[in-house]
Amino acid sequence: MYKEAEFDVIVIGAGHAGCEAALATARLGLQTCLFTINLDTIAQMSCNPAIGGLAKGHLVREIDALGGEMAKVTDRAGIQFRILNRSKGPAVWSLRAQADRLLYRLAMREVLETQDNLTIKQALVDEIVVRDSVVQGVKTSLGIFYGARAVIITTGTFLKGLIHIGLESFPAGRAGEFPSVNLSDSLKKLGFKMGRLKTGTPPRIDSNTIDFSKTTEQWGDDPPPPFSYSTEEITNPQLPCYITYTNEKTHRIILENLDRSPLYSGRIKGIGPRYCPSIEDKVVRFSERPRHQVFLEPEGLQTKEFYANGISTSLPYDVQVRLVRSIKGLEEAEIMRPGYAIEYDFVYPTQLKHSLETKSIEGLFLAGQINGTSGYEEAAAQGLMAGINAAMKIMGKPPLILKRHEAYIGVMIDDLVTRGTTEPYRMFTSRAEYRLLLRHDNADLRLREKGHRIGLVNEEQYRAFKKKRETLQRELQRLETVRVSPEEINPLLDVSKTAPVQEHSSLAQLLRRPEINYEIIKAVSPSPYSINRELEKLVEIEVKYSGYIKRQIELVEKMKRFENAKIPEDFPYERIAGLSKEVVSKLQEVRPITIAQATRIPGVTPAAITALMIALKKRNYIEREYSL
């Protein structure tokens, strides 16, 4: 076996997870090699041309706060930016951007190719080389060995990928690209428990054949809000999306051809995403609905290709043509690329530590869809964390483990390694217990310090953050201490149709009124220092929701005693009297590191947790028992 080179870290796969992982380890000073099957599809947006959305936008902001790249590249490639859920509370506001797929890919490749300590190679990795349960490196399809102290696998949908269009199927990692077959076999030989998942895409349509006059135009926010805390302004031209709907004719075409659907004929074995189903699934499962929304999204500034978001399908091509042309505005539409479903192998994520290192093989990390997740943002967040923790391991430092109250990234990883998944995992705000603490607008306040301490946030970015944080604290303090008289404020309160005050009130007391916003506060008492619009909104949220925020912080503090109650990695659960075989099996599989994590394992009852705490106390691992 020919040995080509030795690296500190090898990253397999150059999708969104792989890019973040490779950049993280290289920026932390480690010699890194990024392997991809095709150099021309680095950072390819395989599915929809968008970044962010509900809860996903939070992940992108957190990636940026820690020093990752996705937000910056999105700002360079974005052609529409919108804050979603504005009609609801700030805990669920989330930024979403349409991106130019070509610009995104080229921008990320430029970042990778100009990064010190990073080598990029086009090769198909066939085998993970392991000795005595410690990773040694990888072997490619040409028989070349590359040594490494850590390996990060981020293969997306490529592990034994199989594409379905109607009753036809063929091996592929995604449309037009080879799958990775031998690497999946290598992981199985290493003893990993693996399963099969499925995802899909809709047809792409030539916009020259769309009648946009029959659709509803939807523009983004003006001015467009950037994703990255480092971006001052979005400079790309902004484009609209368009909304149309399926109808009874569309649904009839689908129902009449279910026998030709690989999803319903039994050809597809993998489990698909519950929250992003195909149009076949929607029509069958929600038969009472007369229509389903379709978003027509531009793929870029220099292409006429549009993405038909909402009609993901694996029906035969001729059926796809008919169902597309049954939709208002698409009567003459030409399909440029058909929709398809893809099945692929994944590793059950309960076999991972919170650092995303595998429990059974030292130095081997997994990130992205290989862990059962779905989405660019979930993948990128895992890639960043795997890269950080691989670097920490090599440098002899403790891993960065984000807690559930610190980040959506922490929620996602804890969900995966504690609860596992049997279907593609998608991030939702409802998965987080502390949503009001984990807003998309305060990700830097939560995580920038950690990113700087690790070494991914540079001094210029950190100085800007510290200035923002200091300004926020000064303004919050000013609002609590400055008081105004009834004569000063009542005229403005009258205009706002809110009850007048009878005595001197602090600016914070006034701002807590639902009808009062920061603009009114500025009118009566302008801030003595410069505050931009983003910071004004942050100040307003912190003041208006201060009571709720305080209660969530108190709950976090209450739960910390369970988070701090450590469980030894080799704790003998089978020796605890009163635990069922099922509970023992679940505890042995997950190997929780704290009592708090143990409480989140499905099937582990409060009675079992009480027995566990008694056993830990008897062995002097914890000082006292806690009531749940």
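Each remark here, short or long, concerns the structure printed above.
About the thresholds
- Residues numbered from 1 in each chain as written.
- Predicted model: local features only at pLDDT ≥ 70, side-chain atom pairs only at ≥ 80, totals over all residues.
- Heavy atoms only, no water.
- Helix = DSSP H or I, 4+ residues; strand = E, 2+ residues; numbered from the N terminus.
- Rg over C-alpha atoms; globule rule 2.2 N^0.38 Å.
- Buried < 20%, exposed > 50% of the residue type's maximum accessible area, 1.4 Å probe, protein only.
- Contact = heavy atoms within 4.5 Å.
- Areas by Shrake-Rupley, 256 points an atom, 1.4 Å probe, with all protein chains shown as cover.
- Salt bridge = Lys/Arg side-chain N within 4 Å of Asp/Glu carboxyl O.
- Pairing = 2+ DSSP bridges.
- Axes fitted to C-alpha atoms, helices over the stretch in contact; angles between N-to-C directions.
- Parallel < 35°, antiparallel > 145°, perpendicular 65-115°, else oblique.
- Left-handed = near helix turned anticlockwise from the far one by under 90°.
- Nonpolar A, V, L, I, M, F, W, Y, C, P; charged D, E, K, R; others polar.
- Core = buried A, V, L, I, M, F, W, Y, C linked by side-chain atoms within 4.5 Å.
- Phe/Tyr/Trp six-rings, centres within 6.5 Å; stacked < 30°, edge-to-face > 60°.
- Expected span 1.5 Å × (residues − 1).
- Polar contact = N/O pair within 3.5 Å; in protein donor to acceptor, adjacent residues only side chain to side chain.

In this section: the overall build of the protein chain. When helices and strands are tallied, the protein chain shows 21 helices and 22 strands. Taking 2.2 N^0.38 as the reference for a compact globule, 628 residues should give roughly 25 Å; the C-alpha atoms of the protein chain span a radius of gyration of 26 Å, in line with that estimate. In terms of principal-axis extent, the alpha carbons of the protein chain reach across some 80 × 70 × 50 Å. Taking all 628 residues of the protein chain together, the buried fraction comes to 59%. Contacts in the protein chain between residues at least 24 apart in sequence constitute 72% of all its contacts with a sequence separation of at least 6. Of the roughly 26700 Å² that the protein chain leaves accessible, carbon and sulfur atoms contribute 49%.

A few words on the pattern of salt bridges. Applying the stated rule across the entire model yields 45 salt bridges. Note that aspartate 414 and arginine 404 form a salt bridge whose closest N and O atoms lie 2.7 Å from each other. Residue aspartate 414 is located in helix 11 (residues 408-419), and its partner arginine 404 is located in the loop between helix 10 (376-394) and helix 11; the two are separated by 10 residues in the primary sequence. Residue aspartate 414 shares its accessibility class with arginine 404, and that shared class is buried. Here the residues in one salt-bridge network are Arg404, Asp414, Asp415, Arg419, Glu433, Glu563 and Arg600, joined through shared partners.

As summarised here, the arrangement of the three strands in space is 3-5-4, forming an open sheet in which the pairing is antiparallel. The sheet is open, and its two borders are formed by strand 3 (50-52) and strand 4 (78-84), each paired with just one other strand. Strand-to-strand twist across the sheet, computed as the mean angle between neighbouring axes with direction ignored, equals 20°. Taken together, the six bridges between strand 4 and strand 5 (residues 94-99) define a ladder with antiparallel strand orientation. Note that in strand 5 the partner of leucine 84 across the bridge is serine 94. Of the strands in this sheet, strand 3, strand 4 and strand 5 touch helix 3 (residues 70-77), which is tilted by about 120° from strand 4.

Moving on to the packing of helix 13 (residues 459-481) against helix 17 (residues 533-544). Contact geometry for helix 13 and helix 17: axes closest at 10 Å, N-to-C directions at 50°. Accordingly, the angle class assigned to the pair helix 13 and helix 17 is oblique. Like other packed secondary-structure pairs, helix 13 and helix 17 cross with a definite hand, here right-handed. Here helix 13 contributes Lys468, Thr471, Leu472, Glu475, Leu476 and Leu479 to the contact with helix 17, which in turn contributes Glu534, Leu535, Leu538, Val539, Glu542 and Val543. In terms of residue class, the contact of helix 13 with helix 17 is made up of seven nonpolar, one polar and four charged.

So, about the nonpolar core. The nonpolar side chains of a soluble globular protein tend to be buried with one another. Core analysis: the biggest nonpolar cluster contains 103 residues, and Ile10, Ile128, Val151 and Ile153 have the highest contact counts within it. Setting aside anything within four residues of it in sequence, one finds valine 151 in contact with Ile10, Ile12, Ile128, Val135, Gly137, Val138, Gly363, Leu364 and Phe365.

Scanning all chains against the criterion turns up eight aromatic pairs. Considering the side-chain rings of tyrosine 462 and phenylalanine 465, the 6.1 Å spacing of their centres and the 35° angle between planes classify their relative orientation as tilted. Of this pair, tyrosine 462 and phenylalanine 465 are both found in helix 13, three residues apart, which corresponds to roughly one turn of the helix. The exposure classification of tyrosine 462 matches that of phenylalanine 465, with both residues buried. Arranged with centres 6.3 Å apart and planes meeting at 45°, the rings of tyrosine 545 and tyrosine 548 form a pair that is tilted. Under the relative-accessibility criterion, tyrosine 548 is labelled partly exposed at 47%. Site record: aromatic cluster; members linked through ring pairs are Phe212, Tyr242 and Phe306.

Glancing now at helix 13. Across its 23 residues, helix 13 extends 33 Å between first and last C-alpha, which sits within 8% of the 33 Å expected from 1.5 Å per residue. Of all the positions in helix 13, only Gln461, Tyr462, Phe465, Lys468, Thr471, Leu472, Glu475, Leu476, Arg478 and Leu479 are classed as buried. On its buried face, helix 13 sits against helix 3, helix 12 (443-454), strand 22 (505-506), helix 15 (507-511), helix 16 (518-524) and helix 17. Capping the start of helix 13, asparagine 458 holds a side-chain oxygen 3.2 Å from the backbone nitrogen of glutamate 460, two or three residues further along.

Before going further, it helps to spend a moment on the side chain of glutamine 44. Within the secondary structure layout, glutamine 44 lies in the loop between strand 2 (32-36) and strand 3. A residue is classified by how much of its surface remains accessible, and glutamine 44, at 17% relative accessible area, is buried. Among residues more than four places away in sequence, those in contact with glutamine 44 are His16, Arg101, Arg105 and Arg174.

Here we come to the sheet that holds strand 11 (residues 168-171). Pairing is antiparallel in the open sheet, where four strands are placed in the order 11-10-19-12. The open sheet is flanked by strand 11 and strand 12 (194-201), the only strands paired with a single partner. Averaged over all adjacent pairs, the angle separating strand axes in this sheet is 25°, with direction ignored. Relative to strand 19 (residues 340-347), strand 12 is paired through eight bridges, and the arrangement is antiparallel.

Right, let's get into the side chain of threonine 41. Tracing the sequence through the fold places threonine 41 in the loop between strand 2 and strand 3. When residues no more than four places from it in sequence are discounted, the contact partners of threonine 41 are Ala14, Arg105, Arg174 and Glu177.

For an α-helix, the turn length of 3.6 residues means that residues three or four places apart are oriented alike. Over its 13 residues, helix 21 (residues 606-618) runs 18 Å from end to end, which matches the ideal 18 Å to within 8%, given 1.5 Å per residue. All of the buried residues along helix 21 are Ala608, Ile609, Ala611, Leu612, Met613, Ala615 and Leu616. The inward-facing, buried residues of helix 21 contact helix 18 (546-563), helix 19 (581-590) and helix 20 (595-599). Immediately downstream of helix 21, the backbone of asparagine 620 shows phi near 65°, a positive value.

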